[in-house]
Amino acid sequence: MPPSDRPPPSGLAYRGRLAPSPTGYLHLGHARTFWIAAERARQAGGALILRSEDLDAVRFRLDFAAAMLEDLRWVGLAWQEGPDVGGPYGPYRQSERRAFYRAALEQLHAAGQIFPCTRSRRDVLEAIGAPHEQPGADDEPVYPREFRPPADAPLPPLGDILSVNWRLRVPDDVRIDFTDDRAGPQSAISGRDFGDFLVWRKDDVPSYQLACVVDDAAMGITEVVRGADLIQSTFRQILLYRALGKPTPAFYHCPLMLDAKGERLAKRHDALSLRTLRQGGMPPGKIIADFGKTP
Ligand code: GLU
């Protein structure tokens with residue numbers, strides 16, 4: 001264990017979560033992150049919640065949603081609350097939780113913390129002098145300050161159906177710090193390292209950032225365990241917890257699993273998908289047993 005690996009937070013009853021998206025078959029990297037999440041919940045004597053992040057109707061497929069739960073059970077993971085087992089904080093599918101996200105959006109709107117934006121991604125990239133997508137770059141380019149409406153401009157009403165993007169107005173040049181339970185101290189400057197980010201999309205779907213914060217808060221999650229690729233999202237999410245007046249959980253970002261070429265595993269790595277390993281005759285439980293040998 002690295003020196004920064006702090007034990008799971010104690011005090012409040014520990015509640016951890018697995019938050020897979022059914023956009024493809026899960027792979028070994030997901031299994032490893034989820035196993036770490038399960039171990040931390042077990043060590044803390046807490047509960048583990050499974051939440052299906054199935055908001056993205058374009059990329060989401062029903063067969064992947066079923067496969068996801070089946071493959072995680074085959075790996076040997078178990079959860080106490082989830083779409084298949086129920087629980088007091090349900091529903092556990094994001095597609096069924098729209099009312100929660102809409103209420104949070106209305107709260108942010110009433111507080112004047114968001115604004116509508118009709119700029120395209122290309123407009124944003126051009127304005128920041130990066131007309132082409134950078135491979136591996138953070139998924140949301142820094143929104144230029146000159147695109148923002150003035151802070152005192154009256155906000156248009158939200159309307160029932162949203163057809164423009166809405167963004168959180170992030171504070172200019174404020175340092176956001178958190179101590180990651182795995183990766184140690186982290187900091188970023190809002191408005192520089194990341195800008196006004198999407199909370200609701202013009203196809204009338206809440207953003208990942210908003211849905212994740214609303215759910216982690218509503219489900220009483222005390223520690224978020226997930227892949228290190230989401231550290232940049234955590235800074236944004238901390239601002240959302242503050243804007244919504246919710247307590248911020250602890251964070252533990254796991255190092256990503258790499259393939260033989262040193263590239264991070266993705267859902268396109270079919271050979272390392274749990275499905276393929278299982279169909280190839282891998283005995284159940286072996287994957288976790290192997291993780292346990294090489295922490
Ligand atoms: N649903 C996200 C994913 O599968 C993970 C989100 C999170 O853990 O916060 O990449």
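Here the structure is a predicted model, which is why all the values come from computation and not from measurement.

S.K.: I keep staring at the site of the ligand and nothing clicks. Help me out?
M.R.: Contacts to the ligand come from Arg 17, Ala 19, Ser 21, Glu 53, Tyr 208, Cys 212, Arg 226 and Leu 230. Ala 19 places a main-chain nitrogen or oxygen 2.7 Å from a nitrogen atom of the ligand. Within the contact set of the ligand, a nitrogen atom lies 2.8 Å away from a side-chain nitrogen or oxygen of Ser 21. Protein chains shield 79% of the accessible area of the ligand, which is 300 Å² for the free molecule. Looking at the shell around the ligand residue by residue, the class counts come to four nonpolar, one polar and three charged.

S.K.: Just checking my understanding: could you explain the side chain of Ser 273 for this structure?
M.R.: Mapped onto the fold, Ser 273 is located in the loop between strand S9 (250-254) and helix H7 (274-279). Assessed through its relative accessible area of 1%, Ser 273 is described here as buried. Ignoring any residue separated from it by four or fewer positions in sequence, one finds Ser 273 in contact with Tyr 25, Leu 26 and His 27.

S.K.: Explain helix H3 (residues 98-110) to me, please; I cannot follow it from the model alone.
M.R.: Because an α-helix packs 3.6 residues into every turn, residues spaced three or four apart end up facing the same way. A rise of 1.5 Å per residue sets the reference length of H3, with its 13 residues, at 18 Å; its end C-alpha atoms lie 18 Å apart and thus fit the reference within 8%. Within H3, burial applies to Tyr 101, Arg 102, Ala 104, Leu 105, Leu 108 and His 109. Buried residues of H3 fall within an arc of 160° about the axis and therefore sit on the same side. Of the exposed residues in H3, those oriented more than 90 degrees away from the buried face are Ala 99 and Ala 110. Positive backbone phi, approximately 65°, marks Gly 112, located one or two places after H3.

S.K.: Teacher, can you tell me more about the environment of Pro 149 here?
M.R.: Relative to the assigned elements, Pro 149 resides in the loop between helix H4 (121-127) and strand S4 (165-168). Given a relative accessible area of 26%, Pro 149 falls into the partly exposed group. Counting along the chain gives 32 residues from Pro 149 to Cys 117, while the straight-line C-alpha distance between them is 8.8 Å. With residues near it in sequence (within four places) discarded, Pro 149 still touches Phe 115 and Arg 169.

S.K.: Would you take a moment to explain the environment of Phe 147 for this structure?
M.R.: Tracing the backbone through its elements, the reader meets Phe 147 in the loop between H4 and S4. Spatially, the C-alpha atoms of Phe 147 and Cys 117 are 8.3 Å apart, while their sequence positions differ by 30 residues.

S.K.: I'm lost on the packing of helix H1 (residues 28-43) against helix H8 (residues 286-293) in this one. Help?
M.R.: Helix-helix packing is characterised by the crossing angle of the two axes and by the distance between the axes. Direction vectors running N to C along H1 and H8 enclose 65°, while the axes themselves pass 11 Å from each other. Comparing their axes, H8 and H1 come out roughly perpendicular. For the element pair H1 and H8, the recorded crossing hand is right-handed. Taking contact as the criterion, the partners of Leu 28, Ala 31, Arg 32 and Trp 35 in H1 are, on H8, Ile 287, Ile 288, Phe 291 and Gly 292. Residues that form the contact of H1 with H8 fall into these classes: six nonpolar, one polar and one charged.

The rules behind each value
Here the residue index of a chain counts from 1 through its sequence in written order. Totals for whole chains, interfaces and linings use all residues, but because this is a predicted model, local features are given only for residues with pLDDT of at least 70 and pairs of side-chain atoms are given and counted only at 80 or more. Only hydrogens and water are set aside when side-chain values are computed; all heavy atoms of the structure are taken into account. Throughout, the term near means that a residue has one or more heavy atoms lying within 4 Å of the molecule or strand in question. Pairing of N or O atoms within 3.5 Å defines a polar contact, subject to two protein rules: one partner must be a possible hydrogen donor and the other a possible acceptor, and residues neighboring in sequence count only if both atoms are side-chain atoms. Note on areas: these come from Shrake-Rupley sampling with a 1.4 Å probe, and a residue is covered only by the protein chains present in the view. In this count, Pro and Cys sit with the nonpolar residues alongside Ala, Val, Leu, Ile, Met, Phe, Trp and Tyr, while Asp, Glu, Lys and Arg are called charged and the others, Gly among them, polar. The way it works is that DSSP assigns letters per residue, a run of H or I at least four long becomes a helix, a run of E at least two long becomes a strand, and they are numbered from the N terminus. Working definition: with a 1.4 Å probe on protein chains only, accessible area under 20% of the residue-type maximum means buried, over 50% means exposed, and in between means partly exposed. We call two residues in contact when some of their heavy atoms are within 4.5 Å. Here the expected length of a helix is defined as 1.5 Å per residue gap, with one fewer gap than residues. It is the directions from the helix axis to the C-beta atoms that the arc portrays. To define axes, lines are fitted to C-alpha atoms, for helices over the stretch in contact only, and angles between the resulting N-to-C directions are given on a 0 to 180 degree scale. Under this scheme an angle from 65 to 115 degrees is roughly perpendicular, one under 35 degrees roughly parallel, and one over 145 degrees roughly antiparallel; angles in between are oblique. Each crossing gets its hand from how the near helix is turned against the far one by less than a right angle, where anticlockwise is left-handed and clockwise is right-handed.

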